[in-house]
Amino acid sequence: MLAAFEYFAPKTVEEALSLLSKYKDKAKMIAGGQSMLVVMKQRLLTPEYLIDIKGLTALDYIKYDEKQGLRIGALTIHRAIEKSPDIQKHFGVLSEMEGNLATIQTRNWGTIGGNLCHSDPAGDPATVFIVLKARFKLASSGKERIIEAEDFSTDYLEADLKPNEMLIEIQVPNPPPHTGTAYEKLMVMKGDMGVVGAAVSITLDSKGGCQDARIALSNAASIPLRAKKAEKVLIGKTINDGLLTEAGEVAATEADPPNDVHGSAEYRREMVKVFVKRVARLALEKTKAAR
Ligand SMILES: Cc1cc2nc3c(=O)[nH]c(=O)nc-3n(C[C@H](O)[C@H](O)[C@H](O)COP(=O)(O)OP(=O)(O)OC[C@H]3O[C@@H](n4cnc5c(N)ncnc54)[C@H](O)[C@@H]3O)c2cc1C
């Protein structure tokens, strides 16, 4: 049974923010409700005021600009990201990631903002946004701030979001030339949450050396984790199989994975090694196709 709450369905972002600023930590937002209803049923959250933002169509958009890159409104559903021609063309990794996120039914209702704000370390999008150097725009009444994707999750199911703030937009810069980005997760069945996942972005210089690398892990710690030591294994070198193995091994030492019915911490560490190597190889392959 859900605890009693008062329900609001604001028609504008300003109205939603004003409700948040009035009720602060007594209020919670609900977008698709796919994660929110679960935590409410478990009584992990018992908001007195529930602000339903699903109808805020002003935040349902995907915009691409050659100079500014990609901007995705927080109320955009997963399926729209998967199917967007601009995303398929310029940020194929996002479309591929979404194609393996849950089922079509779930993707047709769940929002990207809800996914990120739920801050589940097993979630797929956060990890990919970290390697794409994305930034999130947060708003409260009369104020806005920008936060790097990698700083957004602060702990298990906790995000750097003040009680009067909401996520408005995800901003993804165009990657430099010769950049390849890939994401894969270990799924028992297609569409499952990953037992672990790895996102890797590699930028090559004009001589084919690794100019920059970003590695992030899902379900390998209490937050989506950037594996900075593993990145350093690759940066400034000519990547070969031995270096990819080493990057995987170093990433496994950075991970602090959970121990649960889906896999022991030890098994997950082994899988981090396998997935970092495999996904980095894919990212490297993709640099060839990138301009
Ligand atoms: C069957 C199933 C399978 C799934 N599989 C996967 C998977 O494989 N990979 C994966 O990554 N995810 C998976 N998910 C999670 C799913 O993607 C998320 O539940 C969904 O995206 C959350 O979006 P929502 O719109 O339902 O958010 P809600 O449940 O409405 O909200 C989630 C949280 O975010 C807050 N919130 C929502 N929007 C905002 C905003 N704009 N600003 C501030 N706070 C906000 C809410 O207050 C709440 O705390 C799965 C979910 C289900 C039900």
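Quick caveat: nothing in here was measured; it's all calculated off a predicted structure. (Residues numbered from 1 in each chain as written. Predicted model: local features only at pLDDT ≥ 70, side-chain atom pairs only at ≥ 80, totals over all residues. Heavy atoms only, no water.)

Q: Hey, could you run me through the overall build of the protein in this one?
A: Along the protein, the regular secondary structure elements total 12 helices and 14 strands. For the protein, whose C-alpha radius of gyration is 19 Å, the value lies close to the compact-globule estimate of 19 Å for 291 residues. Counting only C-alpha atoms and orienting by the principal axes, one finds that the protein spans roughly 60 × 45 × 30 Å. For the protein, buried positions account for 49% of its 291 residues. Look at the contacts in the protein between residues 6 or more apart in sequence, and 61% of them connect residues 24 or more apart. Here the protein displays about 14100 Å² of accessible surface, and carbon together with sulfur accounts for 51% of that area. (Helix = DSSP H or I, 4+ residues; strand = E, 2+ residues; numbered from the N terminus. Rg over C-alpha atoms; globule rule 2.2 N^0.38 Å. Buried < 20%, exposed > 50% of the residue type's maximum accessible area, 1.4 Å probe, protein only. Contact = heavy atoms within 4.5 Å. Areas by Shrake-Rupley, 256 points an atom, 1.4 Å probe, with all protein chains shown as cover.)

Q: Would you take a moment to explain the pattern of salt bridges for this structure?
A: When the charged atoms of two side chains with opposite charge come close together, those side chains can pair. Applying the stated rule across the entire model yields 19 salt bridges. A salt bridge links Glu148 to Arg135; the shortest N-O distance between them is 4.0 Å. Here the residue Glu148 occupies a position in strand E7 (residues 143–148), and Arg135 occupies one in strand E6 (residues 135–140), the gap between them amounting to 13 residues. You can call Glu148 partly exposed: its relative accessible area is 32%. The network of salt bridges with common partners includes Glu150, Arg214, Arg226, Lys228 and Glu231. (Salt bridge = Lys/Arg side-chain N within 4 Å of Asp/Glu carboxyl O.)

Q: For this particular structure, what's the right way to read the sheet that holds strand E3 (residues 49–52)?
A: Hydrogen bonding along the main chain pairs the strands of a sheet, whether they run parallel or antiparallel. The 3 strands lie next to each other as E1-E3-E2, forming an open sheet whose pairing is parallel. The outermost strands of the open sheet, each flanked by one partner alone, are strand E1 (6–8) and strand E2 (27–30). Put simply, the sheet's adjacent strands are angled 25° from each other on average, direction ignored. Two elements, E2 and E3, share 4 bridges in a ladder whose sense is parallel. Looking at E3, one finds that Lys28 is bridged to Leu50. (Pairing = 2+ DSSP bridges. Axes fitted to C-alpha atoms, helices over the stretch in contact; angles between N-to-C directions.)

Q: Any chance you could explain the site of the ligand here in plain terms?
A: As a structural note, the neighbourhood of the ligand is formed by 32 residues, with Met29, Ala31, Gly32, Ser35 and Met36 the closest of them. Gly32 places a main-chain nitrogen or oxygen 2.7 Å from an oxygen atom of the ligand. Coverage of the ligand by the protein chains reaches 86% of its 970 Å² of free accessible surface. When contributions to the shell around the ligand are tallied by element, the ones reaching two or more residues are E2, helix H7 (112–118) and strand E10 (166–172). The dominant element in the shell around the ligand, judged by the number of residues it contributes, is H7, at 5 residues. Taken together, the residues of the shell around the ligand break down into 14 nonpolar, 14 polar and 4 charged. (Near = heavy atom within 4 Å. Polar contact = N/O pair within 3.5 Å; in protein donor to acceptor, adjacent residues only side chain to side chain. Nonpolar A, V, L, I, M, F, W, Y, C, P; charged D, E, K, R; others polar.)

Q: Honestly, the packing of aromatic side chains in this entry has me stumped. Any pointers?
A: Using the criterion set out here, one finds 6 aromatic pairs in the structure. Their ring planes at 70° and their centres at 6.3 Å tell us that Tyr64 and Phe91 sit as a pair that is edge-to-face. Here the residue Tyr64 occupies a position in strand E4 (residues 62–65), and Phe91 occupies one in the loop between helix H4 (85–90) and helix H5 (92–99), the gap between them amounting to 27 residues. Using a relative accessible area of 2% as the deciding quantity, one classes Phe91 as buried. Between Phe136 and Phe152 the ring centres are 5.2 Å apart and the planes differ by 85°, which places this aromatic pair in the edge-to-face class. (Phe/Tyr/Trp six-rings, centres within 6.5 Å; stacked < 30°, edge-to-face > 60°.)

Q: I tried to follow the sheet that holds strand E14 (residues 225–226) on my own but got confused; where do I start?
A: Strand order across the open sheet formed by 4 strands is E11-E12-E13-E14, with antiparallel pairing between neighbours. Whereas interior strands pair on both sides, the edge strands pair on one side only; in this sheet they are strand E11 (179–185) and E14. Of the strand pairs in this sheet, E11 and strand E12 (residues 197–204) are connected by 7 bridges, and their pairing is antiparallel. Each residue of the ladder has a partner; that of Glu184, found in E12, is Ala198.

Q: Teacher, can you tell me more about the side chain of Ser95 here?
A: One can find Ser95 in helix H5. A relative accessible area of 13% places Ser95 in the buried class. Beyond its immediate sequence surroundings of up to four residues, Ser95 is in contact with Ile81, Glu82, Ile87 and Gln88.

Q: Teacher, can you tell me more about unusual backbone geometry here?
A: Excluding glycine, a negative phi dihedral is what most residues carry, and trans is how most peptide bonds are arranged. Even without being glycine, Ala102 reaches a positive phi, approximately 55°. Its relative accessible area of 25% is what places Ala102 among the partly exposed residues. The phi torsion at Ser119 lies on the positive side, around 55°, for a residue other than glycine. Looking at where Ser119 falls in the secondary structure, it is placed in the loop between H7 and helix H8 (125–131). On the basis of relative accessible area, Ser119 is assigned to the buried category, the value being 2%.

Q: Help me understand the domain arrangement of the protein in this model?
A: A common way to report how large an interface is uses the accessible area buried once the components associate. Taken domain by domain, the protein consists of domain 1 (6–52), domain 2 (57–172) and domain 3 (179–289). For domain 1 versus domain 3, the separation of C-alpha centres amounts to 35 Å. (Domains from an automatic or database assignment.)

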